[in-house]
Amino acid sequence: APSSRLFQTTPDPTETDPALDLPEWIQKTNKLTISLVKSCLSLIYGDRHYARFAALETIARVPYFSYTSVLHLYETLGWFRKKEYIQIHFAESWNELHHLLIMESLGGNDLKIDRLIAQHIAFFYYWIVVILYLFNPAIAYDLNKHVEQHAYESYDTFIREHSEELQALPAPQVAIDYYEQGDLYMFDAFQYNEMNRKKHPEVYGESTPRRPVVKTLYD
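All figures in this text were calculated on a predicted structure; none of them were measured in a lab. (Residues numbered from 1 in each chain as written. Predicted model: local features only at pLDDT ≥ 70, side-chain atom pairs only at ≥ 80, totals over all residues. Heavy atoms only, no water.)

Caption draft 1: Layout of helix 3 (residues 62-76). Under the 1.5 Å per step criterion, the end-to-end length of helix 3 is 21 Å for 15 residues, consistent within 8% with the ideal 21 Å. Lining the buried residues of helix 3 we find helix 2 (49-60), helix 4 (83-105), helix 5 (112-135) and helix 6 (137-161). At the exit of helix 3 stands Gly-78, carrying a positive phi of roughly 80°. (Helix = DSSP H or I, 4+ residues; strand = E, 2+ residues; numbered from the N terminus. Expected span 1.5 Å × (residues − 1). Contact = heavy atoms within 4.5 Å.)

Caption draft 2: Spotlight on the side chain of Glu-96. Counting through the fold element by element, Glu-96 comes out in helix 4. If we ignore the near neighbours within four places in the chain, the residues touching Glu-96 are Glu-57, Ala-60, Arg-61, Tyr-64 and Glu-148.

Caption draft 3: Expanded view of the packing of aromatic side chains. Throughout the structure, instances matching the rule amount to 16 aromatic pairs. A ring pair is formed by Tyr-133 and Tyr-141, whose centres lie 5.4 Å apart and whose planes are at 85°; its orientation type is edge-to-face. Classification of Tyr-133 by relative accessible area gives buried; the value is 0%. Site record: aromatic cluster; members linked through ring pairs are Tyr-50, Phe-53, Tyr-155 and Phe-158. (Phe/Tyr/Trp six-rings, centres within 6.5 Å; stacked < 30°, edge-to-face > 60°. Buried < 20%, exposed > 50% of the residue type's maximum accessible area, 1.4 Å probe, protein only.)

In structure tokens form, the structure reads like this:
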């Protein structure tokens, strides 16, 4: 079973970004692996941005499925139960699903070949993360950190280069439904900083739920 230190239900309030206890070579290997995948996706999709983003979101959902699968296995075997982790990771997968739905609404998965490429990568990625999470959750989390960092950099570059175009386009209805009009319980469930503020207001200050305004595609 993984070290219980990696599954603390109450994070240390003095730690804003706790470092995972991993050798530097493992972190560099994870980063290099994601960089290679990023390069392959760039070659495959080129400047077809929404197709690349749809593939990225198909892949980005996978780790949270892997985490919850392993956590449910541990619970079933009676080793331990960490419902807070299951809740967070399910909410994160729900968030990634809506990222994918947004890209699909923009035509990102219209071509069958694009869907097949993303789905095959996601299939193998699922089992890789399951094995890593069974062996050492910190390695799986670190790998996903690099995936999310790549996603952030990709979107950040895109919105800076296409800001005027995006601000002139309406937001997809699925985005409005998720961020503004839907049941925001699932959106709030993975806002980790807000969780810390509620538990330790003396350290993090008063809790204020995040409420995005979604009017344009830029938003």
